[in-house]
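Chain and residue survey
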2 protein chains.
Amino acid sequence: MNRYDDLRARALLSRIGEPGNLRLARMVDQIGAATLVDRLFAEGVAGVGRADLAMRMHTVDPERELAQAARLGIRFVIPSDAEWPIQLGDLGQPDTQQECGGGVPIGLWVKGPLRLDQLPRSLAIVGSRSCTTYGDSLAFEIAASVAHAGVPVVSGGAIGIDRAGHRGAIAAEGQTIAVLACGVDRTYPQENAALLRHIGETGALVSEVPPGCVATKSRFLVRNRLIAALSVGTVVVEAAIRSGALNTLRWAGSLNRVVMGVPGPVTSAQSQGVLERIRTGAANLVTSGPEALELIGAAGEHLVTPARAPARRRDALTRRDQQILDAVPKCTRRPADSIARAAGIAVLDVGTTLARLHRGGLVSYGDGGWQLTTGAGE
Amino acid sequence: MNRYDDLRARALLSRIGEPGNLRLARMVDQIGAATLVDRLFAEGVAGVGRADLAMRMHTVDPERELAQAARLGIRFVIPSDAEWPIQLGDLGQPDTQQECGGGVPIGLWVKGPLRLDQLPRSLAIVGSRSCTTYGDSLAFEIAASVAHAGVPVVSGGAIGIDRAGHRGAIAAEGQTIAVLACGVDRTYPQENAALLRHIGETGALVSEVPPGCVATKSRFLVRNRLIAALSVGTVVVEAAIRSGALNTLRWAGSLNRVVMGVPGPVTSAQSQGVLERIRTGAANLVTSGPEALELIGAAGEHLVTPARAPARRRDALTRRDQQILDAVPKCTRRPADSIARAAGIAVLDVGTTLARLHRGGLVSYGDGGWQLTTGAGE
């Protein structure tokens, strides 16, 4: 008989362990959270070799943790729950780890009506906090486009590209999820207070750290793996060379998710990181929501119609006819033999062709010469 | 004994045939220009099945053509000449043809001191005539960068990106070549009169059509194959969906040259064609001259140093030290036990770490609390 059941043991470990702690994640995977907690209590530091865990566990009451969270409208979702997003299991693969840590989270603290197991294929949209208006409007448009198509938008709740992505999804009346590096009860960043409240009421706020915890640099880095792992693909809209958003792309790549980047001016510092990823083949270039959907969709599910210029009347002509049409002047009139010379074609051939072009309304005749009709050269 | 030697026969064929005429190119390849001309005179239309050729050849005196060209400072370079750029031989491969024609040119009319056989690996820079200032300045900078590195810039002498490319090469005191769709004696477009004159005096003006000929739409299309074939790679800087510059990229691709595109804002019509080519994998993304040089250079010849943000002091810290540093406040002071709680680390560990960070000048101590020093969090 364990001291705590799986849920309570995970709640305790979530409070005392640092997210992304691989050793902790591995022990939970090997012996289970309840047994690990028992061992911690029985053997103290010697049991797990971590003084900090052993010293803090006595101060934590998981029952109270869960009750306090529930009062704030926050649930604690663990792998055995029906709501657990099974795609996070990919984080258990050893080649997905980074220097900052990794692993399957011990549990997720969730606030909001969106159930994580009912997420259809979702798209992560990430990028610079200090984005340009170019990046802001593109993130918004791409998010609105994919959300309108029924694909939830996952992002990090930050200012800049994250905010634009969340807002685009909301504007399109689609679903959006913010995965935070702090507790889901915290309003951070303060600038996004209204946005985060709205997402907590209509979508989902998700975090690996319990309510009350603050965001730290290392928590941002391991948080990024959840954004990447929850989604089928990640689009980075703007990112300077050393942007945290590129870290999310790396997670997406190591998790075999679809990695995408939106290009921008090569003269923009905020596009340098994205362009570098596209150039080196680490990310696919996308310019719009439909293109991102095509890449993350099942084959044939979302197909982009190739951009095409409108068809022109001269496209229907043979090459020879076009060659003659090219030699017909726009602003003056010229006789057939002069057109023949300019086109490098025998006069006899030119005559019959000009007659045919005349019937097609592409050239007009008058005063002994031929001239293009308006729009014929277009 | 032939009526004309190879040079004169080719000069005649260059005058009466249309550039890119595959049938003509194939006959020249199979029986030689001199024999083909003899057959044209002997058998007339029946000999080659082309009324226009047969009717025009009697009016052309190749001796006079060559003499008139020479008076204008124009030489006619043919495959047997030492100056012939041998890379044009790739145009004889059947899979390089397009709807508009193709094939090895019968000869090249050249004006300018640059010898075509002495071209080192050159780079073609092409793009929209109606470019934006963004594309204009990038084409200029890329051209200046590669020309400065000793790589000649090949373009089409048009306004817009072509002009910016030529001018960049000239500004860097490098070599540049304009391949025209009209005769090299013509000043077309008029806006580039000074530029074309300068290239004719310092670089080379090149055309497949004899002096006096005008540019037509089909001549532009087959001219593009020469730009692509002369160069090791082609960079398109700006091109709308239906830009002629994309045609040059297609030629470059079918000739196994390096195909490159410079990205721009996805909201810019002038970048749509380029982005589409990069997105579909038809072109490599490049953002600068050095990147283009790296792609066209021999392995290791031109290596781009990856863009990196400057190293920061915190990069040298262990992950655990960084985690503690993250918990030290910037604007207030906080005691060690409070920092330990925020970092999720035992107080004992925090004390020794803070002392170490203090020695490193990253944190300061006073009034019973720790605080970041200026710049430590950067």
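The rules behind the values
Residues numbered from 1 in each chain as written. Chains lettered and ligands numbered in written order. Predicted model: local features only at pLDDT ≥ 70, side-chain atom pairs only at ≥ 80, totals over all residues. Heavy atoms only, no water. Helix = DSSP H or I, 4+ residues; strand = E, 2+ residues; numbered from the N terminus. Rg over C-alpha atoms; globule rule 2.2 N^0.38 Å. Buried < 20%, exposed > 50% of the residue type's maximum accessible area, 1.4 Å probe, protein only. Pairing = 2+ DSSP bridges. Salt bridge = Lys/Arg side-chain N within 4 Å of Asp/Glu carboxyl O. Contact = heavy atoms within 4.5 Å. Axes fitted to C-alpha atoms, helices over the stretch in contact; angles between N-to-C directions. Parallel < 35°, antiparallel > 145°, perpendicular 65-115°, else oblique. Nonpolar A, V, L, I, M, F, W, Y, C, P; charged D, E, K, R; others polar. Phe/Tyr/Trp six-rings, centres within 6.5 Å; stacked < 30°, edge-to-face > 60°. Lys NZ or Arg CZ within 6 Å of the ring centre and 35° of its normal. Polar contact = N/O pair within 3.5 Å; in protein donor to acceptor, adjacent residues only side chain to side chain. Core = buried A, V, L, I, M, F, W, Y, C linked by side-chain atoms within 4.5 Å. Left-handed = near helix turned anticlockwise from the far one by under 90°. pLDDT = per-residue confidence, 0-100. Right-handed = clockwise from strand over helix to strand, strands pointing away.

The next point concerns the overall build of chain A. Within chain A, the regular secondary structure consists of 16 helices and 11 strands. Its C-alpha radius of gyration of 30 Å places chain A more than 25% over the 21 Å reference for a compact globule of 378 residues. For the C-alpha atoms alone, the extent of chain A along its principal axes is close to 110 × 35 × 35 Å. Per-residue burial over chain A gives 57% buried out of 378 residues.

Looking now at the sheet that holds strand β1 (residues 74-77) of chain B. Hydrogen bonds between backbone atoms are what pair the strands of a sheet, whose relative direction is either parallel or antiparallel. Residue and element names in this part refer to chain B. Here 9 strands make up an open sheet; going across it, the order is β1-β2-β6-β5-β4-β3-β7-β8-β9 and the pairing mixed. Each having just a single partner strand, β1 and β9 (284-285) make up the two edges of the open sheet. By the bridge criterion, 3 bridges tie strand β4 (residues 153-155) to strand β5 (residues 176-180) in an arrangement that is parallel. By the bridge assignment, Val-154 is partnered in β5 with Ile-177.

Time to look at the environment of Asp-29 of chain B. All names here are of chain B. Relative to the helices and strands, Asp-29 resides in helix α2 (residues 22-31). For Asp-29, a relative accessible area of 66% puts it in the exposed group. With 328 residues separating them along the chain, Asp-29 and Leu-357 place their C-alpha atoms 78 Å apart.

Residue and element names in this part refer to chain B. Using the criterion set out here, one finds 24 salt bridges over all chains in the structure. One salt bridge connects Glu-65 with Arg-15, and the closest N-O pair in it is separated by 2.8 Å. Taken together, the residues Glu-65 in helix α6 (residues 62-71) and Arg-15 in helix α1 (residues 6-16) connect sequence positions 50 residues apart. On the basis of relative accessibility, which here comes to 11%, the residue Glu-65 falls in the buried class. With a closest N to O distance of 3.5 Å, Glu-276 and Arg-277 form a salt bridge. Assessed through its relative accessible area of 11%, Arg-277 is described here as buried.

This part covers helix α8 (residues 161-171) of chain A. Residue and element names in this part refer to chain A. Within α8, the full set of buried residues consists of Ile-161, Asp-162, Ala-164, Gly-165, His-166, Gly-168 and Ala-169. Considering only its buried residues, α8 is in contact with β3 (123-126), α7 (133-148), β4 (153-155), β5 (176-180) and α9 (193-202). Glu-173 sits one or two positions beyond α8 and adopts a positive phi of about 55°.

All names here are of chain A. Remark: helix α1 (residues 6-16) packs on helix α6 (residues 62-71), axes separated minimally by 8 Å, with the N-to-C direction vectors making an angle of 85°. For the element pair α1 / α6, the angle class is roughly perpendicular. Listed contacts from α6 to Leu-7, Arg-8, Ala-11, Leu-12 and Arg-15 of α1 are Pro-62, Glu-63, Glu-65 and Leu-66. When the residues that make up the contact of α1 with α6 are grouped by side-chain class, the tally is 5 nonpolar, no polar and 4 charged.

Turning our attention to the packing of aromatic side chains. All names here are of chain A. This model, assessed by the stated rule, comprises 4 aromatic pairs over all chains. Where Tyr-365 meets Trp-370, the ring centres are 4.7 Å apart and the plane angle is 55°; that geometry is what we call tilted. Under the relative-accessibility criterion, Trp-370 is labelled buried at 12%. For Arg-3, the ring lying beneath its charged end belongs to Phe-41, and the centroid distance is 3.7 Å.

A separate point is unusual backbone geometry. For residues other than glycine, phi is negative in most cases, and the peptide bonds are mostly trans. Residue and element names in this part refer to chain A. Residue Pro-189 is reached from Tyr-188 by a cis peptide bond, and omega for that bond is -5°. Of note, Asp-367 is a non-glycine position whose phi angle comes to about 50°, a positive value. When you line up the elements, Asp-367 lands in the loop between β10 (363-366) and β11 (369-372). Exposure remark for Asp-367: the relative accessible area of 80% places this residue in the exposed category.

So, about the sheet that holds β3 of chain A. Residues and elements named next belong to chain A. Strands sit in the order β1-β2-β6-β5-β4-β3-β7-β8-β9 across an open sheet of 9 strands; the sheet is mixed. Among the strands making up the open sheet, the edge pair consists of β1 (74-77) and β9 (284-285). Across 4 bridges, β5 lies against strand β6 (residues 204-207) in parallel orientation. By the bridge assignment for β6, Ile-177 is matched with Ala-204. The strands that helix α11 (residues 244-254) touches are β3, β7 (233-236) and β8 (258-261); relative to β7, the one it contacts most, it runs at about 155°.

Along the chain, Thr-287 of chain B turns up in the loop between β9 and α13 (289-296). Judged by relative accessible area, which is 16%, Thr-287 of chain B ranks as buried.

All right, on to the environment of Ser-231 of chain A then. All names here are of chain A. Note on placement: Ser-231 falls in the loop between α10 (217-230) and β7. Sequence separation between Ser-231 and Pro-120 is 111 residues; the distance between their C-alpha atoms is 9.2 Å. Of the polar contacts made by the side chain of Ser-231, one reaches the backbone nitrogen of Ala-124; its length is 3.5 Å.

Among the nonpolar cores identified, the biggest contains 126 residues, and Leu-123 and Ile-125 of chain A together with Leu-123 and Ile-125 of chain B are the most heavily contacted of them. Not counting residues within four places of it along the chain, the set of residues in contact with Ile-125 of chain A comprises Ala-139, Ile-142, Ala-143, Val-153, Val-154, Ser-155, Ile-161, Asp-162, Gly-165, Val-235 and Val-237 of chain A.

This part is about the pairing of strand β2 (residues 108-111) of chain A. For a regular strand, side-chain orientation follows a simple rule: the groups alternate between the two sheet faces. Residues and elements named next belong to chain A. Across 4 bridges, the pairing between β1 and β2 is antiparallel. Across the sheet, residue Ile-74 finds its bridge partner in β2, namely Lys-111. The sheet contact formed by β2 and β6 spans 3 bridges and is antiparallel. Paired with Trp-109 across the bridge in β6 is Ser-207.

Before going further, it helps to spend a moment on the environment of Arg-129 of chain B. All names here are of chain B. As for its position among the elements, Arg-129 is in the loop between β3 (123-126) and α7 (133-148). Looking at Arg-129, the relative accessible area reads 54%, which means it is exposed. For Arg-129 and Gln-118, which are 11 residues apart along the polypeptide, the C-alpha to C-alpha distance reads 29 Å.

Let us now look at the packing of α7 of chain A against α8 of chain A. Residues and elements named next belong to chain A. The geometry of α7 relative to α8 is characterised by a closest axis approach of 7 Å and an angle of 35° between their N-to-C directions. Considering the relative orientation of α7 and α8, their crossing is right-handed. Every residue of α8 that contacts α7 at Gly-135, Asp-136, Ala-139, Phe-140, Ala-143, Ala-144 and Ala-147 is listed here: Ile-161, Ala-164, Gly-165, Arg-167, Gly-168, Ala-169 and Ala-171. Looking at the contact of α7 with α8 residue by residue, the classes come out as 9 nonpolar, 3 polar and 2 charged.

Quick look at the confidence of the model for chain A now. On average, chain A scores 89 in pLDDT, and the residues at 70 or more come to 90%. Confidence metrics for the complex model read pTM 0.79 and ipTM 0.75.

On to the pairing of strand β7 (residues 233-236) of chain B. All names here are of chain B. Of the two faces of β7, the one holding Gly-233 and Val-235 and the one holding Thr-234 and Val-236 are both buried throughout. Inspection of the sheet shows β3 paired to β7 by 4 bridges, in the parallel sense. Directly across from Ile-125, in β7, lies its bridge partner Val-235. As paired strands, β7 and strand β8 (residues 258-261) are joined by 4 bridges and run parallel to one another. Residue pairing in the sheet places Val-235 in a bridge with Met-260 of β8. For the handedness criterion, the β-α-β arrangement of β7, helix α11 (residues 244-254) and β8 is classed as right-handed.

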